[in-house]
Amino acid sequence: MFINTKPTVWPGRPYPLGATWDGEGVNFSIFSEHAHKVELCLFDASGRRELYRIPLPEQTDQVWHGYLPEARPGLLYGYRVHGPYEPANGLRFNPNKLLLDPYAKQIHGTLKWSDAHFGYRIGGKQEDLSFDRRDSAAGMPKSMVIDPAFTWGSDRAPRIPWHESVIYEAHVKGFTMRHSEVPTALRGTYAGLATAPVIDYLKRLGVTAVELMPVHYFIDDRLLVDRGLRNYWGYNTIGFFAPEPRYSATNSIHEFKTMVKTLHSAGIEVILDVVYNHTAEGNQLGPTLSFRGIDNPSYYRLVPDNQRYYMDYTGTGNSLNMRHPRVLQLIMDSLRYWVLEMHVDGFRFDLAATLARELYEVDRLGAFLDIIHQDHVLSQAK
């Protein structure tokens, strides 16, 4: 779906965050504490041509929002966020860079690397202190508006007791790609994982839960792509709500939901290996794809006395700023979404100690662990 006339824009609402289809139109909402202006960018059905840039008309409690009454599911969009470019002060706004919505429920396309994806001039003497004016939209994947409707029927969580749980860790593609009894067209996909031969095999082993290695939308680092390689394992997330499309035979989130429903029918739980400790944007020399360009000092832990640089507790170049309430909100909203809307049964946290850091040290009484224990949804998940 795309809009072929200049769209009408209403004030909309600050919540829920993300793009929300209500049956009549779509509400767009994004947090940025330090931005001066936020533009919603709409694209044609291929994602190659930018059709309109629409300044979000309202700001409520640091959330920018607007409502498009003519928008429909399938619409491709992104953001351009305006503000100071002052890397020494932790601010890296660059409206020349199209940004993914942190709350995007589906992401269309893959990243096609070029120097335009970086907020600074690659190879310049000033490195990341310089400013790059090239437009990155052509090579960026696009956020997509979804229709969340799905017929779950009588789907019910198996709720296997911990002491009876047998958890099988699996890579969606690797587990099904060479399985001789999985239909060729479904190998390497969520649909393939839900076929009878796979389920029968798991049941014969006595497995009660499959723990899927990362299925959040992730990217292949430029260093890998330049060498003709790919990120096989998926520990490089940039979209905490969107299923990774390379594992989909249908390019629809319904395929993931159908997989969960089918496994549940067989009495098998679905647990996700999730990576909330860092993002795919790397260190100060990394690309500007989403969080860095939306509000760098809010989303990331920066070195207190030199905010040009990132606190790197993860070995990946950055660490999410778990001390910021909006980052905690992002992660908790993501976890609840996967439980309530995608019906998954639990989570395995990659580098969980990073999530529990308060000032510097790991704190078992930290805000993240406290919130999970008291949350009425997540406290009931594994």
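An account of the accompanying structure is given in this report. If you're wondering where the values come from, they're calculated on a predicted model, not measured in any experiment. (Residues numbered from 1 in each chain as written. Predicted model: local features only at pLDDT ≥ 70, side-chain atom pairs only at ≥ 80, totals over all residues. Heavy atoms only, no water.)

1. Describing empty space enclosed by the protein
Here is step 1: Taken as a whole and judged by the stated rule, the model has three cavities of 30 Å³ or more.
Here is step 2: Taken together, Gln106, Ile107, Tyr190, Pro243, Glu244, Pro245, Ser248, Asn251, Ser252 and Ile253 make up the full set of residues lining the largest cavity. (1 Å grid on protein atoms, 1.4 Å probe; cavity = no way out; pocket = protein on both sides within 12 Å on 5 of 7 lines; lining within 4 Å. Points joined across faces, edges and corners; volume = space filled by probe spheres on them.)

2. Describing the pattern of salt bridges
Here is step 1: The full count for this structure, using the stated rule, is 22 salt bridges.
Here is step 2: Between Arg230 and Asp220 there is a salt bridge, with the nearest N and O atoms lying 3.6 Å from each other. Separated by ten residues along the polypeptide, Arg230 in the loop between helix H4 (222-226) and strand E15 (237-243) and Asp220 in the loop between strand E14 (216-218) and H4 bring together distant segments of the chain.
Here is step 3: The exposed category is assigned to Arg230, whose relative accessible area is 53%.
Here is step 4: Its salt-bridge partner being Arg336, residue Asp375 comes within 2.4 Å of it at the nearest N-O pair. On the criterion of sequence distance, the pair formed by Asp375 in the segment after helix H9 (367-374) and Arg336 in helix H7 (residues 325-340) is long-range, its members being 39 residues apart.
Here is step 5: Through salt bridges with shared partners, one network takes in Glu50, Arg53, Arg80 and Asp135. (Salt bridge = Lys/Arg side-chain N within 4 Å of Asp/Glu carboxyl O. Helix = DSSP H or I, 4+ residues; strand = E, 2+ residues; numbered from the N terminus. Buried < 20%, exposed > 50% of the residue type's maximum accessible area, 1.4 Å probe, protein only.)

3. As for unusual backbone geometry
Most peptide bonds adopt trans geometry, and most residues besides glycine take a negative phi value.
Here is step 1: In this structure, Pro16 follows Tyr15 across a cis peptide bond, with omega equal to -5 degrees.
Here is step 2: Residue Gln62 is not a glycine yet carries a positive backbone phi of 70 degrees.
Here is step 3: Look at Glu127: it is not a glycine, yet its phi comes out positive at around 50 degrees.
Here is step 4: Mapped onto the secondary structure, Glu127 falls in the loop between strand E10 (106-108) and strand E11 (142-144).
Here is step 5: Judged by its relative accessible area of 38%, Glu127 is partly exposed.

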